[in-house]
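# Geometric and topological summary
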Amino acid sequence: MVNKSSNKNLKKASKAKKDEFYTQLSDIEKELVHYKAYFKGKIIFLNCDDPEESHFWKYFSENFEHLDLKKLVSTHFEKEKPSYKLEIVKDINKDGKINKLDTVKTKLKQNGDFRSPECIKILKEADIVITNPPFSLFREYVAQLFEYNKKFIIIGNLNALTYKEIFKLVKEEKIWFGQSIHSGDREFRVPEYYPLNSAGNRIDENGNKYIRVKGVRWFTNLDYKDRHDDLILYKEYYGNESDYPKYDNYNAINVDITKNIPMDYKGAIGVPITFMDKYNPEQFEIVALGNSRNNFTPTKDYINPKKVMKDGSEKNGNAINCVLAFETKIKPVGVIHYVSDNSKYLIAPYARIIIKNKKI
Ligand SMILES: C[S@@+](CC[C@H](N)C(=O)[O-])C[C@H]1O[C@@H](n2cnc3c(N)ncnc32)[C@H](O)[C@@H]1O
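Residues numbered from 1 in each chain as written. Predicted model: local features only at pLDDT ≥ 70, side-chain atom pairs only at ≥ 80, totals over all residues.

## Focus on the overall build of the protein chain
- Of regular secondary structure, the protein chain possesses seven helices and 21 strands.
- With the principal axes as the frame, the protein chain shows a C-alpha extent of 75 × 45 × 40 Å.
- Classification of the 360 residues of the protein chain by burial places 32% in the buried group.
- Put simply, 67% of the contacts in the protein chain that link residues at least 6 apart link residues at least 24 apart. (Helix = DSSP H or I, 4+ residues; strand = E, 2+ residues; numbered from the N terminus. Buried ≥ 20, exposed ≤ 12 C-beta atoms within 10 Å, placed from the backbone. Contact = placed C-beta atoms within 7 Å.)

If you want it as C-alpha cells, here you go:
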C-alpha cells in the first residue's frame, strides 16, 4: 500500500515536473563514508541542489576540512529567474577553520539549470558531482555527466537501469549501484504543497512532510571494494532443470530470485534487475535486458499476437514480441497472458537482466 502510493506520488511529481525530494542526511552519510579517499583535494559540485534545504550541502560544508576538499560548489535551481551559487574554498572569516561560515554566495546570470552554460562551466572544473537529480530528467542528467567525463555519486530509482541509455552504460561497466542501499524504501522530505495520501507518509513535529519511496539506489562510477566480492552460489541446475524453465524466445534459463542462480550453469540466465545489488563484474557478464528490442534480440517472432486480459477480453499483443516470454500449454486463468498463431499461451516475466557466469 505504502509503496504503491509513494510510487504514485513520484509519478505525479515527475509529470508535474515537481522534483523536490530532499535526501535525508543519514542516507547521504551511509553512502558517502565509502568514498572518503576519493574526495581528498577534489572539487565537489552539487548541481541540482537547494543549498538552503539540502543535506548534501550540510554534509560537505560541515566536513570540508575532515574530507580535505579543495572546493565545494552548489548551484540552486530556479524555474524562471536567475539563481545563485554557494562556494567554500578558503578560510574567509579567518577563524582558523574552513567550514560553512566561509560560504560565499554569488548571483548567477542564469537559473541554475544543470544544462545552462554557467553550470556547465562549473561542471567542467569539478572533479566529482554528487546529488539527487530531478527524477524527470535522470537520463539527460546522466548523459551530461558522461559527456563531460565526470565522476559521480547520485541517487535515483532502480528502474532507471531499464532505460536503454542507462542499461548500455551498465553493460559497458561504466555505471553501477552504490554501496549502502540494496532493499526497502527510503524517506524523503517534500515541500509543504505535496499531497500525502498514504499511511507510510508522515508529518513531523515541526510540520515537515515526508514520503517513502520504493526502489531507491545510489548510482556511481567510483569503485569500492565490496562490489568485487563474489555472490555465493549454492544451487545446482543439473538435476533440478524443472526449477529453471527456458524462455520460448531466447536461449536462457529463468531465475526468479537472485540467490537461486545455479552455480553450474554456463549459459545465459535471466535474473531480476535487483541482481545488480549483488553484481561483481569479475564473476558475471551482463549480456542483455529482456524488456525491449533495444536491449535484446528475441530468437522468435510471434505472429498475430493478442494480449488476453484477466477478464478474458483481448487486445493487440505486439508487446510480447519485445520482451522475454515463457510458453505454457495450459491456459492461464485470471492472469494476463498472450496468444499467437505460432505459439500456445505466453507469459511475460518481470524485466530480466540476462547474465552469464564468467567463472564456469
Ligand atoms: C530530487 S530534488 C533533490 C534536491 C537535493 N539534491 C536533495 O536531495 O536534497 C532535485 C532538485 O533538482 C532541482 N532541479 C529541477 N530541475 C532542475 C534542472 N533542470 N537543473 C538543476 N536542478 C534542477 C529541483 O529544484 C530540486 O531541488
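## Describing the site of the ligand
- In the region of the ligand, 19 residues are neighbours, and Tyr-22, Thr-23, Cys-48, Phe-77 and Asn-132 sit closest.
- When contributions to the shell around the ligand are tallied by element, the ones reaching two or more residues are strand S1 (22-23), strand S2 (43-49) and helix H4 (55-62).
- When grouped by side-chain class, the residues that make up the shell around the ligand number eight nonpolar, six polar and five charged. (Near = placed C-beta within 6 Å. Nonpolar A, V, L, I, M, F, W, Y, C, P; charged D, E, K, R; others polar.)

## Focus: the environment of Arg-217
- For Arg-217, the position within the fold is in strand S12 (residues 216-220).
- Remark: the alpha-carbon pair of Arg-217 and Ile-203, spanning 14 residues in sequence, is separated by 24 Å.

## Regarding the packing of helix H2 (residues 25-32) against H4
- One way to put it is that H2 packs onto H4 with a least axis distance of 9 Å and a crossing angle of 50°. The orientation of H2 with respect to H4, classified from their angle, is oblique. Seen from above, H2 lies across H4 with right-handed handedness. Note on element contacts: H4 touches H2 through His-55, Phe-56, Lys-58 and Tyr-59, opposite Leu-25, Ile-28, Glu-29 and Leu-32.
- Taken together, the residues of the contact of H2 with H4 sort by class into five nonpolar, one polar and two charged. (Axes fitted to C-alpha atoms, helices over the stretch in contact; angles between N-to-C directions. Parallel < 35°, antiparallel > 145°, perpendicular 65-115°, else oblique. Left-handed = near helix turned anticlockwise from the far one by under 90°.)

## Structural notes on unusual backbone geometry
- A positive phi angle, near 60°, is found at Asp-68, a position not held by glycine.
- Tracing the chain through its elements places Asp-68 in the loop between H4 and strand S3 (71-76).

## Observations concerning the domain arrangement of the protein chain
- Segmentation of the protein chain into domains returns domain 1 (2-227) and domain 2 (229-360).
- The C-alpha-based centres of domain 1 and domain 2 are spaced at 34 Å.
- On the domain 2 side, the residues contacting the twelve residues of domain 1 number 13 residues.
- For the side of domain 1 that touches domain 2, the per-class residue count stands at five nonpolar, two polar and five charged. (Domains from an automatic or database assignment.)

## Notes on H4
- All of the buried residues along H4 are Phe-56, Trp-57, Tyr-59, Phe-60 and Ser-61.
- Taken together, the buried residues of H4 touch S1, H2, S2, S3, strand S4 (84-88) and strand S6 (128-131).

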